[in-house]
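As a plain string of letters, each chain reads:
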Amino acid sequence: MNTQDITDTIDRALDAAGLRPKGSKAGGGGVRDIIARALAAAGLTRTNPTGMAAPVRRADRATPRPATGARDDSAPSPGRFLSLTHVGEAGRRDYRLYVPAGAEGRALPVVLMLHGCRQNPDDFAVGTRMNEHAERHGFLVAYPAQTVRANGSNCWNWFEPAQQGRAGEEPSVLAGIVGDIGHHHPVQADRVFVAGLSAGAAMAVILGRTYPEVFAGVAAHSGLPVGAASDVSSAFAAMQGRGAAHDRRGHGGPRVRTIVFHGDADATVTSPNGEAIVTQAVDAYARSGEPLRKLTRLDAVVGGRRCTTTEFTAASGESTMVEAWTVHGGAHAWYGGNPAGSFTDAAGPDASSEIVRFFLGQPR
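Caption draft 1: Representation of the nonpolar core in the model. Formed by 55 residues in total, the largest nonpolar core has its most connected members in Leu112, Leu114, Trp158, Phe215 and Val322. Looking at which element gives the most residues to this core, the answer is helix α6 (residues 199–210), with eight residues. Contact partners of Phe215, with chain neighbours within four places excluded, come to Leu112, Val178, Val192, Phe193, Val194, Leu207 and Val256. In terms of nonpolar packing, the next biggest core, distinct from the first, is built from 28 residues, Phe124, Leu197, Tyr335 and Ile355 among them.

Structural data, given as C-alpha cells:
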C-alpha cells in the first residue's frame, strides 16, 4: 500500500465516522500527524520490506498488557517444550511444540494453538495452560508464532482476502507445520485440531474451512467468522458486529466440528461474531445433507459466571458437532486462563478443559 492509498483509507474511515469536516484532507499537516501518531501508538503500523510504514489490520485493539514471553514456573511440566521452525514453499514460521512425557513411539492427537494479537507462543501456552492438558490427556500441542514482519502487532491476517483461501500464505504455512510434526512424531491423522483466540480464532475458522482434510475440529475463542472482512475498514466494522450478514454467513465450505466461546460483554470483538461462526458451522452440516438438531440450551453458573450453552447434535443425537458457549459479562479474554498470561480471565468456564473435552470426544 502506498502513501496515497493510506491517506485515502484514512479519509474513508474519517468520513464513515463523521469525523472529517467536508473538504478537509487527512493528509493535511496537523491532522495527518495526529493520525500517524495514533496509528503508531495503537500498534497499527508495520514496516514493509522497503522500510516504509504501512497500516496493519488488527483483530485486537485493547489488551490488559502486552505479552512478555513470561513463563509460569509454578507448574513445571515433565514433557519437552521444543523451539522449531517450519520452512516451506509458502513461507516460514517459528513454532513451539510441547511433547508430553512418554510420547515416544505412541501416535498422539495434535492441537494447533493460534495466539491473538500482541501475544506469542510462550505467553499463549502459559495463559491457556494447554501444555498441562497435553500432559494429562496425551496429545501434542503446537504454538505457531506470527512475525512482526507479517503483522506489526503479531496478528494473524484473517481479514485479508488472500489469507482466507487454501492458497494463502498463512493457512498454507500453518497446515505445513502440522505436516512437519507428522514427519517427526507419530500422530493420529484423524485427530488433528486447531484452536485460537481473537485473530487466532478467526484464522482457526479459516483453517477448518480451507484444510478440512487436515483439521478434524475447530475451537474459536472470541473470534470472527470466515468472510467477515476484506480490508481495514471492514475489519473494524466486523469486530464491532457491523459486518455484512451475507459475508458473516460465509459462502459455502465443508462441515467441521466446531466449539465457540464468546463473552457478551466483549467490546473488542463483539458477540454477534461468535454467533456468526456458529451459524456458518451449522449451515455447513445442513448443506452437506446432514442437518443438526439443537439438542439442549443450558444456563448455569460456571466458574462464577453465568453461561448459556447450546449444543447441535447429529441426527442420531449421539455426537455434538457444534457447541456454543455465551459467557455473560465476559470480556475479551481466555476464560479460566492463567493470570500469568495476557488476555486471560480466571473466572468463567475453563475454556481449555472444555476445548480438550470437545476435541477428544469426551462426555461433558
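Caption draft 2: Spatial organisation of unusual backbone geometry. One non-glycine residue, Arg129, lies in the positive phi region at around 55°. Residue placement: Arg129 occurs in the loop between α3 (121–128) and α4 (130–137). On the basis of relative accessibility, which here comes to 28%, the residue Arg129 falls in the partly exposed class. In this model, Phe343 sits at a positive phi of 55°, which is unusual for a non-glycine residue. Structurally, Phe343 can be placed in the loop between β13 (334–335) and β14 (344–345). A relative accessible area of 3% means that Phe343 is categorised as buried.

Caption draft 3: Fine view of the pairing of strand β10 (residues 293–302). Looking at chain direction, β10 and strand β11 (residues 305–313) are connected through nine bridges and run antiparallel. Within the sheet, the bridge partner assigned to Val302 lies in β11 and is Arg305. Counting the residues that bridge the hairpin from β10 to β11 gives two residues, and of these Gly303 lies at a positive phi of roughly 60°.

Caption draft 4: Just the confidence of the model for the chain, in detail. Mean pLDDT for the chain: 83, with 77% of residues reaching 70 or above. Per-residue pLDDT stays below 50 along residues 13–74; that stretch engages in 123 contacts with residues further than four places along the chain or on separate chains. With pLDDT under 50 throughout, residues 245–249 is counted as low confidence; its partners more than four residues away or in other chains account for 17 contacts.

Caption draft 5: Quick look at the environment of Leu197. Of note, Leu197 is situated in strand β7 (residues 187–197). C-alpha of Leu197 to C-alpha of Leu114: the two residues are 83 residues apart in sequence and 6.7 Å apart in space. Once you skip the residues sitting within four places of it in the chain, Leu197 turns out to touch Leu114, His115, Gly116, Gln119, Phe124, His221, Ser222, Trp334 and Phe343.

Caption draft 6: Structural detail: the pattern of salt bridges. A full pass over the atoms with the stated rule returns ten salt bridges. With its nearest N and O atoms 3.5 Å apart, the salt bridge here joins Arg80 to Glu104. One end of the pair, Arg80, is in strand β3 (residues 80–88); the other, Glu104, is in the loop between β4 (91–99) and β5 (108–114), with 24 residues separating them in the sequence. Given a relative accessible area of 40%, Arg80 falls into the partly exposed group. Its salt-bridge partner being Arg93, residue Glu170 comes within 4.0 Å of it at the nearest N-O pair. Taken as a pair, Glu170 in helix α5 (residues 169–184) and Arg93 in strand β4 lie far apart in primary sequence, 77 residues in all. Overall, the relative accessible area of 2% leaves Glu170 in the buried class. Residue classification places Arg93 among the buried residues on the basis of a relative accessible area of 4%. Here the residues in one salt-bridge network are Arg93, Glu169 and Glu170, joined through shared partners.

Cut-off values and rules
Residues numbered from 1 in each chain as written. Predicted model: local features only at pLDDT ≥ 70, side-chain atom pairs only at ≥ 80, totals over all residues. Heavy atoms only, no water. Core = buried A, V, L, I, M, F, W, Y, C linked by side-chain atoms within 4.5 Å. Buried < 20%, exposed > 50% of the residue type's maximum accessible area, 1.4 Å probe, protein only. Helix = DSSP H or I, 4+ residues; strand = E, 2+ residues; numbered from the N terminus. Contact = heavy atoms within 4.5 Å. Pairing = 2+ DSSP bridges. pLDDT = per-residue confidence, 0-100. Salt bridge = Lys/Arg side-chain N within 4 Å of Asp/Glu carboxyl O.

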